[in-house]
Amino acid sequence: MGAVFRAWIMIMVLVFETAVVMGGGFPATLKLERSIPLVSHELELSRLRERDRVRHGRLLQSSGGVVDFPVQGTYDPFLVGLYYTKLHLGSPPREFYVQIDTGSDVLWIGCNSCNGCPESSGLQIQLNLYDPGSSSTASSVPCSDQRCSAGVQSSDSGCSGQSNQCSYTFQYGDGSGTSGYYVADLLHFNTILEGSMTTNSTAPIMFGCSVLQTGDLTRSDRAVDGIFGFGQQSLSVVSQLSSQGITPKVFSHCLKGNNGGGGILVFGEILEPNMVYTPLVPSQPHYNLDLRSISVGGQVLSIDPSVFSTSSNQGTIVDSGTTLSYLADEAYDAFISAITNTVSQTVRPVLSKGNQCYLITSSVAEIFPQISLNFAGGASMILNPQDYLVQQNSIGGAAVWCIGFQKIQGQEITILGDLVLKDKIFVYDLVNQRIGWTNYDCSMSVNVSANVNSGRTEFVNAGQMSNDGSSRDQLRGMIALLLHIFMLAGLLFS
């Protein structure tokens, strides 16, 4: 009888701890946290556009298991379009909230000696400063380190002959910036291994220790502990973990667009049958795609394809750090006109502070056309009305919806920001130099695949292993308690 009880409880432990695993490999999943996923009635497009203008000043000036974190969201009309996740660094591990940024390479955290680092956050999160001296596994990175030399080539690091310390300075176009030095320490994460067992894992990584922040980085309303760069260069965490054989050189995200925000960030490839892929434009510092044309309601717009070509000052960029989305200047007017002409018989077009808006008394999905962004390789990104419209307010019983695509005056940059990225799976396949996407309900779980050294592929059902960390810890505590009870029962009745 005792053996039966013990066998039963072990089965239950496996059931509670399991995700679906069908091979070998370590994709890693981080749940995202986001504030203000959509524009509220209290927030004007001008504020969003200004926030993105600051972001673009920065952007254009820039030279073995599943990790599961709880999703938290804050609702504040002055905090917009910020996705962030939680990392654990050092020994003993400390908790840090970092913004997810596909427009930069480096993970950096504010350090204990930081000048200008915010002390509180309007996101209702506890800010922490990283202290290398309090971590038993921390070490400095000298100029002779090969990683530092690689960072110099991509302008992600520099070296001071006096201190022999690998350092960095990121100066942004809006006048803000950060500088500091690099450290090496342990990144902690839970992994689900083959056999569906969960274990604690660590990996040494190199990241920035910020000692100075200036400009908007000093503001507390949207403050986080640092920035988590997901670029392609060697100093990104994706590249570092991949070079150690821990994760594949591919990551994916699914950003929830509803008022709850959040989503999933995966070190691995999310698998969905309707994924379409387009090649990355080679030798670019950002995630540039080859946009060929735009269709509105099935009609291709008369836009010179050269408007979308990639060069040092133009092209199409996928950027999770941009709240709205932006079209090249020469394509913008044709885009707006095509939408307005399609709906002018059923809605009333109005201008609101320079933005094209519409007074609507019925569902936008019934009135507005689908838009298709057509990329190289035959891949099209289908945008439903909610993917290019944002609701502002109401006037006399009619809702005011505005075009969420903006333009950067005089520049031929197209930026696909959160407005477009939300409610879709995006896969950044850096090995095969391609990006893929498909529409998806990001509140659901996903299947993750990772090619590893063994040549096999692992599939993990990720993203819904827990609703929050505390409930998961409570569940494990209950399992442990039941285990002791049934083992005791086994001793009594055996």
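**Q** Hey, could you run me through the state of the cysteines in this one?
**A** Put plainly, a disulfide is one covalent bond tying together the sulfur atoms of two cysteines. Per the stated rule, a full pass over the model turns up 6 disulfides. The disulfide partner of Cys 111 is Cys 209, and the S-S distance across this bridge is 1.6 Å. Sign of the S-S torsion, about -130° for the bond between Cys 111 and Cys 209, identifies this disulfide as left-handed. Separated by 98 residues along the polypeptide, Cys 111 in strand 5 (residues 107-115) and Cys 209 in strand 10 (residues 198-214) bring together distant segments of the chain. In terms of burial, Cys 111 and Cys 209 fall into one category: buried. Across the disulfide, Cys 114 is cross-linked to Cys 117 (sulfur-sulfur distance 1.9 Å). Here the disulfide of Cys 114 and Cys 117 is right-handed, its torsion about the S-S bond being about 80°. Judged by relative accessible area, Cys 114 falls into the buried class, the value being 17%. Cys 117 sits in the buried class, given a relative accessible area of 14%. Going through the protein in sequence order and numbering each bonded cysteine, the pairs you get are 1-8, 2-3, 4-6, 5-7, 9-12, 10-11.

**Q** What is the right way to read unusual backbone geometry from this model?
**A** What is expected of a backbone is that most residues other than glycine have negative phi and most peptide bonds are trans. In this chain, Ser 91 is followed by Pro 92 through a cis amide linkage whose omega measures 0°. Examined against the element boundaries, Pro 92 turns out to sit in the loop between strand 3 (82-89) and strand 4 (94-101). Despite not being glycine, Gln 433 has its phi angle at roughly 50°, a positive value. Residue Gln 433 is classed as partly exposed on the basis of its relative accessible area, which comes to 30%.

Conventions adopted
Residues numbered from 1 in each chain as written. Predicted model: local features only at pLDDT ≥ 70, side-chain atom pairs only at ≥ 80, totals over all residues. Heavy atoms only, no water. Disulfide = S-S within 2.5 Å. Helix = DSSP H or I, 4+ residues; strand = E, 2+ residues; numbered from the N terminus. Buried < 20%, exposed > 50% of the residue type's maximum accessible area, 1.4 Å probe, protein only.

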